[in-house]
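Take a look at the letters that make up each chain.
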Amino acid sequence: MSAEATNPGPPARRRGRPHIELRRLGRAALLGSAPRDRLPDAIDHVAKVHRAHHPGADLDPLRRAYVLAESSHRGQLRKSGEPYITHPLAVTLILAELGAETTTLTASLLHDTVEDTDVTLDQVREKFGEEVGYLVDGVTKLEKVDYGAAAEPETFRKMLVATGNDVRVMSIKLADRLHNMRTLGVMRPEKQARIARVTLDVLIPLAERLGVQALKTELEDLVFAVLHPDEYERTRDLVLDRAGRPDPLPAIAEEVRSVLRDAGIGAEVEVRPRHLVSVHRVRLKRGALGGADFGRILVLVAEDADCYAVLGELHTCFTPVISEFKDFIAVPKFNLYQSLHTAVASRPGGDVAEVLIRTHQMHRVAEAGVIALGNPYASAADGTEGGEGTGGTGGTEGAEGAEGTEGPEGAPGSEPAAGGGAGRETSTEGERADPTRPGWLSRLLAWQQSAPDPDTFWTSLRDDLAQDREITVFRADGGTFGLPAGASCVDAAYALHGEAAHMCIGARVNGRLATLATVLADGDTLQLLMAQDAAAGPSPEWLEYARTPAARIAITRWLTAHPEASKAPADTGSPAQQEQERGQRQGQGRGQGDTEAVAAGRVPGHAAALAAVADLPGATVRLARCCTPVPPDAVTGFAVRGGAVTVHRAQCPAVARMQVAGRHPVGVHWRGRGDGTTGDCRVTLLAEAFGRPHLLADLTEAIALEGAAILAAAVEPPREQRVRHTYTLQLPDAARLPALMRAMLKVPGVYDVTRGQRPVTAVPRTNA
């Protein structure tokens, strides 16, 4: 996999990583192979690093793999003029430093032979076995001559599918990309930028999710230098300038050692410098940087219980910053990461230092992620190398990360499945029994099957990987499942039911009725309400609520197959009558609660949209339910699938979210009618009042007297003798909205009436 030549301005090398002169290895490669009774000189250093982690490793496969790779690549040069064999050697050395087992290193030496030489996959399998053959095949790129512009997305699809069966495929790819990024300097600037962008959008998130922080942090710095050279230089100058000044962190680290020594806790304490991207993020967050902001203090102990003992001593002897405390041991991140995070103020100077507390095994996993597991598919009885390597993991900053992702999925103690390649065991809930197949990977592999189009897959993959946090949702019938942060009930429906989610009509979140647009929070309990009619289908508005590729692809495919669902219904009768009739039709055969959910979350009011015109010829206009815009609100629109434009109030939170996601707004303006009115409209109003008997009756009477129809209403439980009523109303004319709000405000006890950001979920039964 050819990325070529040397980078004229690489970031400063971190302490602890040995400097390997690849030109020396290249000269050794040109001298040819060593006698059969000893290792070739070019691979001798790789073997020493490997033996430091796995003292009993059999080095013969490495020798044979090197001999085949060197002879196959002989005569090939990189753009830097170095022998091509230096690239697979460098990739193998990166993995060896992280503690990868022999099978992974063997495959990494051979990873370009099938792609760039006359060696065939059958020859690799014959000489090295099915497992090595599977890994080499997984990282072999598809030919552009066969796939054209789709070669890159289809190569990543192939690689991800292979990763689903053996995560070591992606480990090799990440190491391959790291060396290519290190040697990117001779490429054309536009090609450098393209490779760096793909690395940022796809490979860095994958490295984060697999927990390979040692690779992720260096990739971030290299991408930072290519895509943001000015910010990179400014940040590097900050670090270099700080290097010449007194550093408070070593003194704080010595204080920590003294405290732990007096407490009788055996621990290693060291200062860990931040990588450049981390420094840049801290600078953006805090503004001016103090001396203690350029690194962190790392405390390594033997047992889990010692981590909490260290935490207790630090919080007793120093002043803790409670807001900085995070317990990723009790609740690990979904990428295997475990540590205690805290921050303390030093006693003499008051400098605040961040402290990471973890065991040695947690540290190995924090640095190398799934690579630290060795061969996760080999049982302990096999006597093969596991993930417990005996050596450290170099000196990269690793997973120190406040910037990381949170989630409880995938703990290192999960029982591994036997075998290598396809056909792993699964748990009772369909998740992989080993920690290398977390929920996010299972979901990704599921939705990619529904995205045959390469462009759809490529866009969806980038969007999926951009979700950098996960939440855990409880099912009402027991069990849990994971979703990306910001996911809605629509996303949950498709995650649980697949295509059957088309029949979802509502949800209960924590026991209360909720619209399908409701964003779920970590720890929510969800019950989905399903229609009995198999012909039911999703509304086009669902695309506004869907965050996950699985949901968006399924909804889009259904709407494409049913184009009539994307069009507004004919304007027969009043909008309130249309809505009531549709709710009655869809409510047949279901309970009252389901019918309420239909009325609250599924029925679009289109009549008011007649007053809105989008600056997009031929587009159907819909008014967003999240903010219920009416004339003369300042509005903006966003195009959705099916040729429609959804209109939001300019201050609606959804507008900011969609702009951040890169969606471009569409201009929208209100169009008056010949009689001076604007037509029917829907609006959500919030009335806040002091609780009293008959308040609900008086408010509904005031609404009726103004000619508005109540589509849904909700009353929140009283708090400190105050109550909040929420009404979704249909008005015959938007111009009557101010008069309606004034009439509601005149009701005794009501002290505020405002526009709402969310429609009501149901009409509750209440005696208020």
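Residues numbered from 1 in each chain as written. Predicted model: local features only at pLDDT ≥ 70, side-chain atom pairs only at ≥ 80, totals over all residues. Heavy atoms only, no water.

Asks: Can you help me understand the overall build of the protein chain in this one?
Replies: Scanning the protein chain from terminus to terminus reveals 28 helices and 21 strands. Counting only residues that meet the buried cut, the protein chain has 54% of its 768 residues in that class. Residue pairs at least 24 apart in sequence account for 70% of intrachain contacts in the protein chain once pairs closer than 6 positions are excluded. Put simply, the protein chain shows about 32,500 Å² of open surface, and 52% of that area lies on carbon and sulfur atoms. (Helix = DSSP H or I, 4+ residues; strand = E, 2+ residues; numbered from the N terminus. Buried < 20%, exposed > 50% of the residue type's maximum accessible area, 1.4 Å probe, protein only. Contact = heavy atoms within 4.5 Å. Areas by Shrake-Rupley, 256 points an atom, 1.4 Å probe, with all protein chains shown as cover.)

Asks: What am I meant to see in the environment of C652 here?
Replies: Along the chain, the position of C652 falls in the loop between β15 (644–649) and α26 (653–660). Residue C652 is classed as buried on the basis of its relative accessible area of 4%. For C652 and T636, which are 16 residues apart along the polypeptide, the C-alpha to C-alpha distance reads 9.6 Å.

Asks: Can you walk me through helix α8 (residues 130–139) in this structure?
Replies: Structurally, the α-helix is built with 3.6 residues per turn, so residues lying three or four positions apart point the same way. For α8, every residue scored as buried is listed here: V132, G133, L135, V136, G138 and V139. Elements in contact with the buried residues of α8: α5 (102–109), α6 (113–116), α7 (121–128), α10 (151–165) and α11 (168–182).

Asks: Would you mind showing me how to read the packing of aromatic side chains here?
Replies: For any pair of aromatic rings, the description consists of the separation of the ring centres together with the inter-plane angle of the planes. Applying the stated rule across the entire model yields four aromatic pairs. Seen in terms of ring centroids, Y494 and W542 are 6.4 Å apart; in terms of plane orientation they differ by 75°. Their pairing is edge-to-face. You can see Y494 sitting in helix α21 (residues 489–497) and its partner W542 sitting in helix α22 (residues 542–545), a full 48 residues away along the chain. Residue Y494 shares its accessibility class with W542, and that shared class is buried. Cation over ring: K333 sits above F328, and NZ or CZ is 4.7 Å from the ring centre. (Phe/Tyr/Trp six-rings, centres within 6.5 Å; stacked < 30°, edge-to-face > 60°. Lys NZ or Arg CZ within 6 Å of the ring centre and 35° of its normal.)

Asks: Would you mind showing me how to read helix α18 (residues 360–368) here?
Replies: For α18, a buried count of seven out of nine residues is recorded, marking the element as mostly surrounded by other parts of the structure. Taken together, the buried positions of α18 are M362, H363, R364, V365, A366, E367 and A368. Contacts made by the buried residues of α18 are with α13 (213–227), β1 (268–273), β2 (295–301), α17 (304–317) and β6 (352–359).

Asks: Help me understand the sheet that holds strand β21 (residues 750–755), please; the structure alone is not making it clear to me.
Replies: Think of a sheet as strands paired side by side through backbone hydrogen bonds, with each pair either parallel or antiparallel. Within the open sheet, the four strands sit side by side as β19-β20-β18-β21. Their pairing is antiparallel. Looking at which strands have only one partner, the edges of the open sheet turn out to be β19 (709–715) and β21. Averaged over all pairs of adjacent strands, the angle between strand axes in this sheet comes to 20°, irrespective of strand direction. Direction of pairing for β19 relative to strand β20 (residues 722–731): antiparallel, over a ladder of six bridges. (Pairing = 2+ DSSP bridges. Axes fitted to C-alpha atoms, helices over the stretch in contact; angles between N-to-C directions.)

Asks: Looking at this model, I keep getting lost on the sheet that holds β15. Mind explaining?
Replies: One open sheet holds the four strands; their spatial order is β13-β15-β14-β16, and the pairing between them is mixed. The open sheet has two edge strands, β13 (620–623) and β16 (665–666), and neither has a second partner. Here strand β14 (residues 635–640) pairs with β15 via six bridges, running antiparallel. Looking at β15, one finds that V640 is bridged to A644.

Asks: When you look at the confidence of the model for the protein chain in this model, what are you seeing that I'm missing?
Replies: Caution applies to low-pLDDT regions: their predicted coordinates should not be interpreted in detail. Confidence along the protein chain averages 77 in pLDDT terms, with 76% of residues attaining 70 or more. The secondary structure element of the protein chain with the lowest average pLDDT is helix α25 (residues 592–601), at 34, and the one with the highest is β2, at 95. Within the model, the stretch residues 386–436 combines pLDDT values under 50 with 160 contacts to residues more than four positions away or in other chains. (pLDDT = per-residue confidence, 0-100.)

Asks: In this structure, what is going on with the nonpolar core? I would like to understand it.
Replies: One recurring pattern in soluble globular proteins is that nonpolar side chains are buried together. Counting 80 residues, the largest nonpolar core has L110 and L461 as the members making the most contacts within it. Of all the elements, helix α12 (residues 189–209) adds the most residues to this core, at eight residues. In contact with L461, not counting residues within four places along its chain, are L160, V202, L444 and W447. (Core = buried A, V, L, I, M, F, W, Y, C linked by side-chain atoms within 4.5 Å.)

Asks: Can you help me understand the pattern of salt bridges in this one?
Replies: Side chains carrying opposite charge are able to pair once their charged atoms draw close together. For the structure shown, the criterion picks out 38 salt bridges. A salt bridge links E218 to R182, with the nearest nitrogen and oxygen atoms 2.8 Å apart. Taken together, the residues E218 in helix α13 and R182 in helix α11 connect sequence positions 36 residues apart. Looking at R182, the relative accessible area reads 23%, which means it is partly exposed. Here R475 and D477 are joined by a salt bridge, their closest N and O atoms 3.5 Å apart. (Salt bridge = Lys/Arg side-chain N within 4 Å of Asp/Glu carboxyl O.)

Asks: Can you walk me through the packing of α8 against α10 in this structure?
Replies: The description of two packed helices rests on the angle between their axes and on the distance between the axes. It is at 8 Å that the axes of α8 and α10 come closest, and there the two elements cross at 150°. Classified by the interaxial angle, the pair formed by α8 and α10 is roughly antiparallel. Contacts from Y134, D137, G138 and V139 in α8 reach K158, M159, V161, A162 and N165 in α10. Grouping the amino acids of the contact of α8 with α10 by side-chain chemistry returns five nonpolar, two polar and two charged. (Parallel < 35°, antiparallel > 145°, perpendicular 65-115°, else oblique. Nonpolar A, V, L, I, M, F, W, Y, C, P; charged D, E, K, R; others polar.)

Asks: Explain the side chain of R242 to me, please; I cannot follow it from the model alone.
Replies: Looking at the secondary structure, you find R242 in helix α14 (residues 229–243). Of the buried charged residues, R242 lacks a salt bridge, with D247 as the closest side chain of opposite charge at 5.8 Å. For R242, the residues in contact, after removing those within four places along its chain, are P248, G291 and F294. (Lys, Arg positive; Asp, Glu negative; His and termini not counted.)

Asks: In this structure, what is going on with the environment of A309? I would like to understand it.
Replies: Take A309: it is sitting in helix α17. Judged by relative accessible area, which is 30%, A309 ranks as partly exposed.

Asks: Where do I start with the packing of α8 against α11 in this structure?
Replies: Two elements in contact, α8 and α11, have axes separated by 9 Å at closest approach and are oriented at 50°. Comparing the axis directions of α8 and α11 gives the class oblique. The two elements α8 and α11 cross, and the hand of that crossing is right-handed. Taken together, the residues of α11 that come into contact with α8 (itself represented by E131, Y134, L135, G138 and V139) are R168, V169, I172 and K173. Each residue belonging to the contact of α8 with α11 can be placed in one class, and the counts come to five nonpolar, one polar and three charged. (Left-handed = near helix turned anticlockwise from the far one by under 90°.)

Asks: How do you make sense of the environment of V212 when you look at a structure like this?
Replies: Position of V212 relative to the elements: it lies in the loop between α12 and α13. The exposure class of V212 is buried, given its relative accessible area of 0%. Considered as a pair, V212 and E367 are 155 residues apart in the sequence and their alpha carbons are 6.0 Å apart. Setting aside residues no more than four positions away along its own chain, V212 makes contact with L98, L174, A207, E367, A368, G369, V370 and I371.

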